[in-house]
Amino acid sequence: MAEANDVYAAVKDHIDYKGADVTPENFIAVLTGDSKAANGKKVLQAGPEDNVFVNFADHGGTGLIAFPMGAGVLHEADFIAALDTMHEKKMYKQLVFYMEACESG
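Residues numbered from 1 in each chain as written. Predicted model: local features only at pLDDT ≥ 70, side-chain atom pairs only at ≥ 80, totals over all residues. Heavy atoms only, no water.

**Brief notes about the pattern of salt bridges**
Next up, step 1: Enumeration over the complete set of coordinates arrives at 2 salt bridges.
Next up, step 2: As a salt-bridge pair, lysine 42 and aspartate 16 come within 3.6 Å of each other at their nearest N and O atoms. With lysine 42 in the loop between helix 2 (24-32) and strand 1 (51-58) and aspartate 16 in the loop between helix 1 (8-11) and helix 2, this pair connects stretches of sequence that are 26 residues apart.
Next up, step 3: Aspartate 21 serves as the salt-bridge partner of lysine 41, at 3.0 Å between the closest nitrogen and oxygen. With a gap of 20 residues between them, lysine 41 in the loop between helix 2 and strand 1 and aspartate 21 in the loop between helix 1 and helix 2 connect regions that are remote in the sequence.
Next up, step 4: Exposure remark for lysine 41: the relative accessible area of 26% places this residue in the partly exposed category. (Salt bridge = Lys/Arg side-chain N within 4 Å of Asp/Glu carboxyl O. Helix = DSSP H or I, 4+ residues; strand = E, 2+ residues; numbered from the N terminus. Buried < 20%, exposed > 50% of the residue type's maximum accessible area, 1.4 Å probe, protein only.)

Rendered as structure tokens:
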């Protein structure tokens with residue numbers, strides 16, 4: 001097998017959230033465009049003519065999705081409220097949300 005390429009070095013300066021910053025609270029802040037809640041870090045700044053794609057992959061359970069490093073869980077009602085906020089704020093023309101989280105459906 002050929003030696004694998006280390007791609008992290010090329011992208012590490014382009015990762016906005018990693019480690020302890022990957023929390024349910026920050027995820028909601030990013031989705032809803034709330035830079036204050038995200039402590040000034042990057043959030044989604046989209047409008048009614050934008051197509052938005054979100055990919056979430058982690059663990060889950062009935063009615064919740066989990067976040068890495070013990071950062072907590074996001075419950076179904078809070079997630080739906082964030083999607084409702086995105087809709088009310090007209091943050092997308094089309095939204096595609098891929099979620100891969102065991103038992104979360």
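**Remarks on the nonpolar core**
Next up, step 1: The biggest cluster of nonpolar side chains holds 13 residues, and the ones touching the most others in it are Phe27, Leu31, Ile65, Phe67 and Leu74.
Next up, step 2: Listed by contribution, the elements that provide at least two residues to this core are helix 2, strand 1, strand 3 (64-67) and helix 3 (76-88).
Next up, step 3: For this core, the element with the most residues is strand 1, which contributes 3 residues.
Next up, step 4: Non-local contacts of phenylalanine 27, meaning those with residues more than four positions away in its chain, are made with Val54, Phe56, Ile65, Phe67, Leu74, Phe79 and Phe97. (Core = buried A, V, L, I, M, F, W, Y, C linked by side-chain atoms within 4.5 Å. Contact = heavy atoms within 4.5 Å.)

**Regarding the packing of aromatic side chains**
Next up, step 1: Within the structure shown, the criterion is met by 6 aromatic pairs.
Next up, step 2: Relative to phenylalanine 97, the ring of phenylalanine 27 has its centre 6.4 Å away and its plane inclined at 80 degrees; by these criteria the two rings are edge-to-face. Remark: phenylalanine 97 occurs in strand 5 (residues 94-101) and phenylalanine 27 occurs in helix 2; sequence separation between them is 70 residues.
Next up, step 3: In this structure phenylalanine 27 comes out as buried when scored by relative accessible area, which is 15%.
Next up, step 4: For phenylalanine 97, a relative accessible area of 22% translates into the label partly exposed.
Next up, step 5: For the pair phenylalanine 53 and tyrosine 98, a centre-to-centre distance of 5.0 Å together with 80 degrees between the ring planes defines the contact as edge-to-face. With a gap of 45 residues between them, phenylalanine 53 in strand 1 and tyrosine 98 in strand 5 connect regions that are remote in the sequence.
Next up, step 6: For tyrosine 98, a relative accessible area of 49% translates into the label partly exposed.
Next up, step 7: By way of ring pairs, the aromatic residues Phe27, Phe56, Phe67, Phe79 and Phe97 are connected into one cluster.
Next up, step 8: Here the basic side chain of lysine 41 rests over the ring of tyrosine 17, its NZ or CZ set 4.7 Å away from the ring centre. (Phe/Tyr/Trp six-rings, centres within 6.5 Å; stacked < 30°, edge-to-face > 60°. Lys NZ or Arg CZ within 6 Å of the ring centre and 35° of its normal.)

**Here's the deal with helix 3**
Next up, step 1: Compared with the 18 Å implied by 1.5 Å per residue over 13 residues, the 18 Å span of helix 3 between its first and last C-alpha is a close match.
Next up, step 2: Here helix 3 has its buried residues at Phe79, Ala82 and Met86. Down the axis, helix 3 shows its buried residues gathered within 55 degrees of arc, on one side only. Facing away from the buried side of helix 3 by more than 90 degrees, the exposed set consists of Ala77, His87 and Glu88.
Next up, step 3: Just downstream of helix 3, lysine 90 is the residue with a positive phi angle, here 50 degrees. (Expected span 1.5 Å × (residues − 1). Arc of directions from axis to C-beta.)

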